[in-house]
Amino acid sequence: MDAQVRPNRSLPNPGFIALMIAMGAISFSAGIAFMVMGAWPVMGFFGLDVLLIWIGFKLSYRDGRRMESIKITRDEIRVIRRFPTGHLIQFILPSAWTRVIVEGEGEPDVQARLTAMGKSLIIGSWLSPRERESLADAIRDALDNARRARGPQLAQESGGGA
């Protein structure tokens, strides 16, 4: 398995531009109307509203650059997280000892975790609850396939003598 998980952004860039043009036109028109009535300070507040909406969307799009890459091989699970700043964090877990745990299945605050050697790693935290459960199922299936590909593990005898 080699998957990349990214946050969903429902408004594409052309839609954002159209929204900002519409917001700017409406705010400017309303500001002019208030200015004609003698309430000239209101125009600045309409401009401030448009600026705050623009900043909010830009922060949302910046956050949308996050990415989580999950690669499962016969020997290991490699999770690489890329943050909007470009910073990378890599986690490596042994595929033979890793379990997939889903807490709160069917609930709005469901969590999908990879657990190995007493430590846990939450995956897909920005996904919707249904998507988190689906990701956990896909990882569970990929882990089962990786374990089958390894073949049976033979136990070694301890001790010496022949």
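Look up a bit, the structure's there.
For clarity, every value in this text was computed on a predicted model and none was experimentally measured.

*Asks:* It is not clear to me how the packing of aromatic side chains should be interpreted in this structure. Could you clarify?
*Replies:* Two measures describe an aromatic ring pair: the distance that separates the ring centres and the angle between the ring planes. Tallied over the full model, the rule gives 4 aromatic pairs. With a centroid separation of 5.5 Å and an interplanar angle of 80°, the aromatic rings of Phe16 and Tyr61 are classed as edge-to-face. One end of the pair, Phe16, is in helix α1 (residues 13-36); the other, Tyr61, is in helix α2 (residues 41-63), with 45 residues separating them in the sequence. By relative accessible area, Phe16 is classed as buried at 4%.

*Asks:* Can you walk me through the side chain of Glu133 in this structure?
*Replies:* Assignment of secondary structure puts Glu133 in helix α3 (residues 129-150). No salt bridge is formed by the buried Glu133; the nearest opposite charge belongs to Arg130, separated by 6.7 Å. With sequence-adjacent residues up to four places away left out, Glu133 is seen in contact with Val102, Glu105, Gly106 and Val110.

*Asks:* Sorry if this is basic, but what is going on with the environment of Ile80 here?
*Replies:* Following the sequence through the fold, Ile80 ends up in strand β3 (residues 76-82). Remark: the alpha-carbon pair of Ile80 and Phe91, spanning 11 residues in sequence, is separated by 6.3 Å. Discounting residues that sit within four places of it in the chain, Ile80 has contacts with Met67, Glu68, Ser69, Leu88, Ile89 and Gln90.

*Asks:* Please explain the pattern of salt bridges as it appears in this structure.
*Replies:* Opposite charge on two side chains permits them to pair, given that their charged atoms come into close proximity. Counted according to the given criterion, the structure contains 6 salt bridges. For the salt bridge of Arg66 with Asp63, the shortest nitrogen-to-oxygen distance reads 3.3 Å. The exposure class of Arg66 is buried, given its relative accessible area of 18%. Between Glu76 and Arg78 there is a salt bridge; the shortest N-O distance is 2.4 Å.

Parameters and conventions
Residues numbered from 1 in each chain as written. Predicted model: local features only at pLDDT ≥ 70, side-chain atom pairs only at ≥ 80, totals over all residues. Heavy atoms only, no water. Phe/Tyr/Trp six-rings, centres within 6.5 Å; stacked < 30°, edge-to-face > 60°. Helix = DSSP H or I, 4+ residues; strand = E, 2+ residues; numbered from the N terminus. Buried < 20%, exposed > 50% of the residue type's maximum accessible area, 1.4 Å probe, protein only. Lys, Arg positive; Asp, Glu negative; His and termini not counted. Salt bridge = Lys/Arg side-chain N within 4 Å of Asp/Glu carboxyl O. Contact = heavy atoms within 4.5 Å.

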